[in-house]
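One letter stands for each residue in the lines below.
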Amino acid sequence: MSKIKNAFSDGKAFIAFLTAGDPSLEKTVDYILAIEEAGADLVEIGIPFSDPTAEGIVIQDANIRALKEGMTVDGVFEIVSRVREKSQIPLVFLTYLNPVFHYGYENFFLKCENLGVDGIIIPDLPYEEKEEMSMTAEAHHVDIISMIAPTSRQRIQMIAEEAKGFLYVVSSMGVTGVRSNIETDITSMIASIREVTDIPAAVGFGISTPEQAERMAAASDGAIVGSAIVKLIEKYGDRADEPIAKYVKSMKEAVKRAEN
Amino acid sequence: MSKGRYGEFGGQYISETLMNELIHLEEQYEYYRKDAEFQLELNNLLNDCAGRPSRLYYAEKMTKDLGGAKIYLKREDLNHTGSHKINNVLGQVLLAKRMGKTRVIAETGAGQHGVATATAAALLGMECEVFMGKEDTDRQALNVYRMELLGAKVHSVTSGTQTLKDAVNETMREWTNRVSDTHYVLGSVMGPHPFPMMVRDFQSVISREAREQILVTEGKLPSAVLACVGGGSNAIGMFYHFIPDETVRLIGCEAAGEGIDTEKHAATMTKGSIGVFHGMKSYFCQDEYGQIAPVYSISAGLDYPGIGPEHAYLRDSGRAEYVPVTDDESVDAFEYLARTEGIICAVESAHAVAHARKIAPDMGEDEVMIICLSGRGDKDVAAIARYKGVDIHE
């Protein structure tokens, strides 16, 4: 049974992203545990890819650093295995289709199941191509997390009806990265989703400040933050434990404020 | 299975943000491809602006020198802007204009597609921005200036390997950022559906003309047609109308760089494996974990780690064959064609000429071969001089 619903069982969720292997396998394990301790409800682990076309420059660079450090899909599974010795926090992967395709869907999802990975987000696997792996993922109890974009319009309900785990609502046009303004009408997107499903919907892309997180969580079931955390890792390298913990704590508090 | 499939290849592996735009593009394309007025306007542009039909030229000296098949060159190098790229660009920019777009963006490797896009944008009154890997803006500096002369803004891409693959990544990112007024003029038969189909249709004018021309000139079909392949747009254009003619061998010549036994090549068919990247399932140069491999070729236009999905299908179904050609062989062929026929061709096209030199002598004198001369070589003269160790100052 996927642990993803646990992330949303106690009110609004704060979801944190980091890239596996940046700055090292060991530190990624430490940072995931630090993120959990600071109050995050779910962690997205980025499996690095050579050409992350949905990412802005911050996460692109993290992918390059991780690959230079020698991070592989097997290395990411090792990270999960070590995290699972100490933690049962819901974990989902974020990666591109090619590394998963190359590993072999059966092999990949079997490992996910055995190690306790609850879901996977693949930006280059839209609704129309989901069949590629949906049966295999389902057989191994791994949720394929669907994305909904500001351009999705009439596609929102089609996607939401078949959604598993949670829905990843993309806040803005373009790629990941910190933004000063988010102008999309999240409230009406969520309303459209709510007409067809009760599955939680969390908002990501461009969120970095507690104010943004509070506003996005108020309109949905949670906020997803990636680039702002990866920036801390870029800045502090293998000494980012404290800055990450402090940041995640402030963001979690902001998300909780949205419940009132 | 989703739309746009060639066997198992193709598809629409792209972010949700772009899906509605791709669906809209497909609908609009399906409408305008059957619209007589659109087709007439496109045809006029191809004739009046691009200078079509392109000549089918009998390479008499080359034929005599090699002593085998009768060799014809399909002269796409004589098109306006100097390559086959203009065929696709005129189609897509005209379509974009009809769709109400005011801005086009494009990736470019050698700069030929960027120059063609900038030209069409100037002609049809569209804003134009071109993304080009930094390594390519350095080795093709003249084409950068050419695009700027035509009113385009050129972005030098510094991410990744700083070549064509990264230019595609960056153009996709830009399209995701601004899709409402912008059309992405993809330059090859790659990417998500409907691009491989649409670009193929626009480029198929090459084989439509060539097939008619050879039947008039020789009264029979060729035994083989050859074209260089990176993403594969001139090759699919050269092959398309010959696909039903099963006696015609279709030969794609890919870039083997310093050799397929080295790490410095872009020989996707020879050395690659199946994967999913840039919106399509096809063959790619990649490592055991599915990381896209850095590729290399002297030719910026063939320096791409993938190939269009229809080529993957033509190869796996046995209809077409793909052979590797090295830098050295291509530079030899570049010089050979210049001295033998007085034609300075693009170093991309020289890959096809090089393979023709290998196989023509073994073919009968009653056989005919057509080589697609996809572009002219002015852009490559300085690079070839450097390759040969010649010190020239422009």
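Above: the structure in question.
Below you will find a few notes about this structure. (Residues numbered from 1 in each chain as written. Chains lettered and ligands numbered in written order. Predicted model: local features only at pLDDT ≥ 70, side-chain atom pairs only at ≥ 80, totals over all residues. Heavy atoms only, no water.)

So, the overall build of chain A
Put simply, the test is: Only DSSP runs of H or I with at least four residues qualify as helices, and only runs of E with at least two residues qualify as strands; both kinds are numbered from the N terminus onward. For this measure, only C-alpha atoms enter the radius of gyration; the expected value for a globule follows 2.2 Å times N^0.38, where N is the number of residues. Relative accessibility decides the category of a residue: with a 1.4 Å probe and only protein chains considered, values under 20% of the type maximum give buried, values over 50% give exposed, and everything between is partly exposed. Each accessible area is a Shrake-Rupley estimate made with a 1.4 Å probe; only the visible protein chains count as cover when residues are assessed. When charges are counted, Lys and Arg are positive and Asp and Glu negative, with His and the chain ends excluded. Each charge is placed at NZ for Lys, CZ for Arg, CG for Asp and CD for Glu.
From N to C terminus, chain A includes 12 helices and 8 strands. Computed over C-alpha atoms, the radius of gyration of chain A comes to 17 Å, within 12% of the 18 Å expected from 2.2 N^0.38 for 260 residues, which places it in the range of a compact globule. The buried share of chain A, reckoned over its 260 residues, is 64%. With the model as given, the accessible surface of chain A reaches about 9900 Å², and the carbon-plus-sulfur share is 49%. Side-chain charges in chain A split into 25 positive and 40 negative, and the spacing between the mean points of these groups amounts to 5 Å.

Concerning the sheet that holds strand β6 (residues 127-133) of chain B
Residue and element names in this part refer to chain B. Under the convention used in this document: Note: two strands are recorded as paired if DSSP finds a minimum of 2 bridges between them. Structural elements are reduced to axes, namely lines fitted to C-alpha atoms, with helices fitted over the stretch in contact, and the angle between N-to-C directions of any two is expressed from 0 to 180 degrees.
Judged by pairing direction, the sheet is parallel, and its 4 strands sit side by side in the order β7-β6-β5-β8 without closing on themselves. Lying at the two open borders of the sheet, with one neighbouring strand each, are β7 (153-157) and β8 (182-184). Direction aside, the axes of adjacent strands within the sheet are offset by 20° on average. In the sheet, strand β5 (residues 103-108) pairs with β6 via 6 bridges, with the strands oriented parallel. Residue pairing across strands places E107 opposite F131, the latter belonging to β6.

Observations regarding unusual backbone geometry
The omega torsion of the bond from B:R52 to B:P53 falls at -5°, within 30 degrees of zero and hence cis. Assignment of secondary structure puts B:P53 in the loop between α2 (36-49) and β3 (56-58). Cis geometry marks the peptide bond from B:H193 to B:P194; its omega dihedral reads 10°. Relative to the helices and strands, B:P194 resides in the loop between β8 and α9 (195-203). The phi dihedral of A:H141 falls on the positive side, at around 60°, and the residue is not glycine. When you line up the elements, A:H141 lands in the loop between α7 (134-139) and β5 (143-148). Since its relative accessible area comes to 48%, A:H141 is described here as partly exposed. The phi dihedral of B:Q162 falls on the positive side, at around 60°, and the residue is not glycine. Among the secondary structure elements, B:Q162 is positioned in the loop between β7 and α8 (164-177). Given a relative accessible area of 24%, B:Q162 falls into the partly exposed group.

Some thoughts on the interface of chain A and chain B
For clarity, the threshold we go by: Residue contacts are counted whenever heavy atoms from the two residues lie within 4.5 Å of one another. Summed over both partners, buried area is the accessible surface (1.4 Å probe) that two parts give up on being assembled. Salt bridge criterion: a side-chain nitrogen from Lys or Arg within 4 Å of a carboxyl oxygen from Asp or Glu.
Every contact between the two is made by 38 residues of chain A and, on the other side, 36 residues of chain B. Summed over both sides, the interface between chain A and chain B buries roughly 3000 Å², with carbon and sulfur atoms accounting for 50% of that surface. Broken down residue by residue, the surface that chain A buries against chain B is led by A:D51, A:H102 and A:E129, which jointly contribute 19%. The interface formed by chain A and chain B holds 4 salt bridges in total.

Section: the pairing of strand β12 (residues 279-284) of chain B
All names here are of chain B. Judged by how many residues are buried, β12 sits mostly within the fold: 6 of 6 residues are covered. Bridge analysis of strand β2 (residues 9-13) against β12 gives 2 bridges, and the strand direction is antiparallel. Considered in β12, the bridge of Y13 is made with G279. In terms of strand pairing, strand β11 (residues 273-277) meets β12 through 5 bridges, oriented antiparallel. Bridge assignment links S273 to a residue of β12, and that residue is F284. The antiparallel hairpin formed by β11 and β12 contains 1 residue in its connecting segment, where H278 sits at a positive phi of about 50°.

Some details on the environment of B:A338
All names here are of chain B. Of note, A338 is situated in helix α14 (residues 327-341). Measuring from C-alpha to C-alpha, the distance between A338 and G377 comes to 9.8 Å, with 39 residues separating the pair along the chain. Leave out the neighbours within four places in its chain, and A338 touches I343 and I344.

Concerning the sheet that holds strand β1 (residues 13-19) of chain A
Strands belonging to one sheet form pairs held by backbone hydrogen bonds; the direction of such a pair is parallel or antiparallel. Residue and element names in this part refer to chain A. Taken together, the 8 strands give a closed barrel; going around it, the order is β1-β2-β3-β4-β5-β6-β7-β8, and neighbouring strands pair in parallel fashion. Strand-to-strand twist in this sheet, taken as the mean axis angle between neighbours without regard to direction, amounts to 30°. By the bridge criterion, 2 bridges tie strand β7 (residues 201-204) to strand β8 (residues 222-225) in an arrangement that is parallel. Looking across to β8, one finds that A202 is bridged to G222.

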